[in-house]
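Inside the fold
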Amino acid sequence: MTLPLLDHILHGNAAQQRRAMAKAITLLESTRADHRAQGDELLTQLLPHTGKALRLGISGVPGVGKSTFIEALGIYLIEQGHRVAVLSIDPSSSVSGGSILGDKTRMEKLSVNERAYIRPSPSGGNLGGVAEKTREAMLVCEAAGYDVVIVETVGVGQSETAAWGMTDMFVLLQLPNAGDDLQAIKKGVMEMADLVVINKADIDPKAATRAQAQITSSLRLLGMHGTAEQHDGRHWSPSVIQISALLGQGVENFWAEVRQYRQLQTDNGELPLRRQRQNMAWMWERIDAGLKLAFRQHEAVRQRLPQLQQQVLGGQLAASTAARQLLDAYGAAAALSAPGST
């Protein structure tokens, strides 16, 4: 199954490639064991064709205008000769588990451009504002020849930093008049940002200028501007700019900042090191997920789980104690099944 997909992703015409990309990402997102094996095979085959794209993470609170900004940026980049892939993450309902997946509707012009590919995915409750298989989807897009891959996060607040761990540059969108001065110095997502963008600056230019000054000052307080080494011209210092995505103002300036960042990080060796660290983090993340799944499916755990759950619900047993007993049961069973055990 993976060979036709591989061929169409790498060499197919526009229609074949888009269908193959959609099928490949769906395959990689599947939880079926046979699909996981096929997905691993496909990724291994695609890997030599990846790594050349710029990976750009876009985050910000709901309503900041992420989709409008990405559409304006995408159209600008296509006019400059680029091919743009957008991996947009929609929040999944904690009640039904469903997701609207409406980003293609919000990016109406970009979604119909043959040089753009937009793939909405549900977060599935995954923490950090991204979907579980966003990294895999990114590699599919790169192998298909998209040279700018944008990850648009859910927009859940200052803990939304997972996109920072999978992209070359992490951009935080902010609003003018979004709160008091202390909003600008909250740690978390702010100190991860490589570039802060004040969007909707046309609505209140004075407020946008104040926000730019406040955030610039806050970045210094967070220690992101302060060392002499950062100002020697060989290291990037996060900056703050203003744009109006709706009017298309400031997009060219934004891209100039991105290009300067990429060139600097490539020249000083930080970009390849960042990707290496991200790949190792990705490996351990998948190990953690695999161990959690194996734990839940293990017979020793499944046998004890209902009783321990009832004891925890009834207040007869501390949750931490129940967890430890389940882990001990899993560890003992795993030790017995290990090679050489008696």
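Residues numbered from 1 in each chain as written. Predicted model: local features only at pLDDT ≥ 70, side-chain atom pairs only at ≥ 80, totals over all residues. Heavy atoms only, no water.

**Side note on empty space enclosed by the protein**
In the structure shown here, the tally under the stated rule is 1 cavity of 30 Å³ or more. The volume enclosed by the largest cavity comes to roughly 40 Å³. Every residue along the wall of the largest cavity is listed here: Glu29, Leu87, Ile89, Arg119, Ser121, Lys133, Thr134 and Ala137. Of the residues that constitute the lining of the largest cavity, the class distribution is 3 nonpolar, 2 polar and 3 charged. (1 Å grid on protein atoms, 1.4 Å probe; cavity = no way out; pocket = protein on both sides within 12 Å on 5 of 7 lines; lining within 4 Å. Points joined across faces, edges and corners; volume = space filled by probe spheres on them. Nonpolar A, V, L, I, M, F, W, Y, C, P; charged D, E, K, R; others polar.)

**Overview of a nonpolar patch on the surface**
Side chains of Met280, Met283, Trp284, Ile287 and Leu291 sit close together on the surface and give an oily, nonpolar patch of about 490 Å² of accessible area. By secondary structure assignment, the location of methionine 283 is in helix H11 (residues 270-297). Looking at methionine 283, the relative accessible area reads 38%, which means it is partly exposed. (Patch = residues over 30% accessible without salt bridge, like charges linked within 9 Å, V, L, I, M, F, W, Y side chains within 5 Å. Areas by Shrake-Rupley, 256 points an atom, 1.4 Å probe, with all protein chains shown as cover. Salt bridge = Lys/Arg side-chain N within 4 Å of Asp/Glu carboxyl O. Helix = DSSP H or I, 4+ residues; strand = E, 2+ residues; numbered from the N terminus. Buried < 20%, exposed > 50% of the residue type's maximum accessible area, 1.4 Å probe, protein only.)

**What about the pattern of salt bridges?**
Side chains that differ in sign of charge can pair as their charged atoms come close. Across all of its chains, the model carries 8 salt bridges by this definition. Notably, a salt bridge pairs glutamate 142 with arginine 55, separated by 2.6 Å at the nearest N-O pair. With a gap of 87 residues between them, glutamate 142 in helix H7 (residues 134-143) and arginine 55 in strand S1 (residues 54-60) connect regions that are remote in the sequence. Residue class for glutamate 142 comes out buried when judged on its relative accessible area of 5%. Between glutamate 285 and arginine 135 there is a salt bridge, with its nearest N and O atoms 3.0 Å apart. Remark: arginine 135 occurs in helix H7 and glutamate 285 occurs in helix H11; sequence separation between them is 150 residues. For arginine 135, a relative accessible area of 10% translates into the label buried. Within this structure, Arg135, Glu285 and Arg286 form a network of salt bridges that share partners.

**With respect to the pairing of strand S6 (residues 195-198)**
Covered by surrounding structure in S6 are Leu195 and Val197 together with Val196 and Ile198, the residues of both alternating faces. Pairing between strand S5 (residues 169-174) and S6: 4 bridges, direction parallel. For leucine 172, the partnering residue across the bridge sits in S6 and is valine 196. (Pairing = 2+ DSSP bridges.)

**Details of the side chain of lysine 133**
Mapped onto the secondary structure, lysine 133 falls in the loop between strand S3 (116-122) and H7. No salt bridge is formed by the buried lysine 133, whose closest oppositely charged neighbour, glutamate 136, lies at an N-O distance of 4.5 Å. Sequence-distant contacts of lysine 133, that is, excluding residues within four places in its chain, are made with Leu28, Glu29, Arg36 and Arg286. (Lys, Arg positive; Asp, Glu negative; His and termini not counted. Contact = heavy atoms within 4.5 Å.)

**Examining unusual backbone geometry**
Even without a glycine there, the phi angle at lysine 200 is positive, about 60 degrees. Summarising the element assignment, lysine 200 is placed in the loop between S6 and helix H9 (205-221). On the basis of relative accessible area, lysine 200 is assigned to the partly exposed category, the value being 30%.

**Details of H11**
Relative to the 40 Å expected for 28 residues at 1.5 Å per residue, H11 spans 41 Å between its end C-alpha atoms, a close match to the ideal helical length. Among the residues of H11, Leu271, Arg274, Arg275, Gln278, Trp282 and Phe295 are the ones counted as buried. (Expected span 1.5 Å × (residues − 1).)

**Comments concerning the packing of H7 against H11**
Put simply, H7 and H11 touch, their axes get as near as 11 Å, and they point 130 degrees apart. One finds that H7 runs oblique with respect to H11. Packed against H7, whose contacting residues are Arg135, Glu136 and Leu139, the element H11 presents Trp282, Glu285 and Arg286 at the interface. Counted by class, the contact of H7 with H11 contains 2 nonpolar, no polar and 4 charged residues. (Axes fitted to C-alpha atoms, helices over the stretch in contact; angles between N-to-C directions. Parallel < 35°, antiparallel > 145°, perpendicular 65-115°, else oblique.)

**Quick look at the environment of alanine 162**
Mapped onto the elements, alanine 162 comes out in the loop between strand S4 (148-152) and S5. Residue alanine 162 is classed as partly exposed on the basis of its relative accessible area of 24%. Taking C-alpha positions, alanine 162 is 9.4 Å from glycine 57, a pair spaced 105 residues apart along the chain.

**So, the environment of isoleucine 203**
Inspection of the secondary structure puts isoleucine 203 in the loop between S6 and H9. Residue class for isoleucine 203 comes out exposed when judged on its relative accessible area of 63%. Expressed as a C-alpha distance, the spacing of isoleucine 203 and proline 176, which sit 27 residues apart in the sequence, is 8.7 Å.

**Quick look at the packing of aromatic side chains**
Inspection of the entire model under this criterion finds 4 aromatic pairs. Ring centres of tyrosine 117 and tyrosine 146 lie 6.2 Å apart, and the angle between their planes is 45 degrees; this geometry places the pair in the tilted category. With tyrosine 117 in strand S3 and tyrosine 146 in the loop between H7 and S4, the pair connects residues that are 29 residues apart, well separated along the chain. The two residues tyrosine 117 and tyrosine 146 agree in class, both being buried. Ring geometry for tryptophan 236 versus tyrosine 261: centroids 5.3 Å apart, planes at 85 degrees, classification edge-to-face. In this pair, tryptophan 236 is assigned in the loop between H9 and strand S7 (239-242) and tyrosine 261 in helix H10 (residues 251-267), connecting sequence segments 25 residues apart. Judged by relative accessible area, tryptophan 236 falls into the buried class, the value being 11%. Sitting over the ring of tyrosine 146, arginine 83 keeps its end group 4.0 Å from the ring centre. (Phe/Tyr/Trp six-rings, centres within 6.5 Å; stacked < 30°, edge-to-face > 60°. Lys NZ or Arg CZ within 6 Å of the ring centre and 35° of its normal.)

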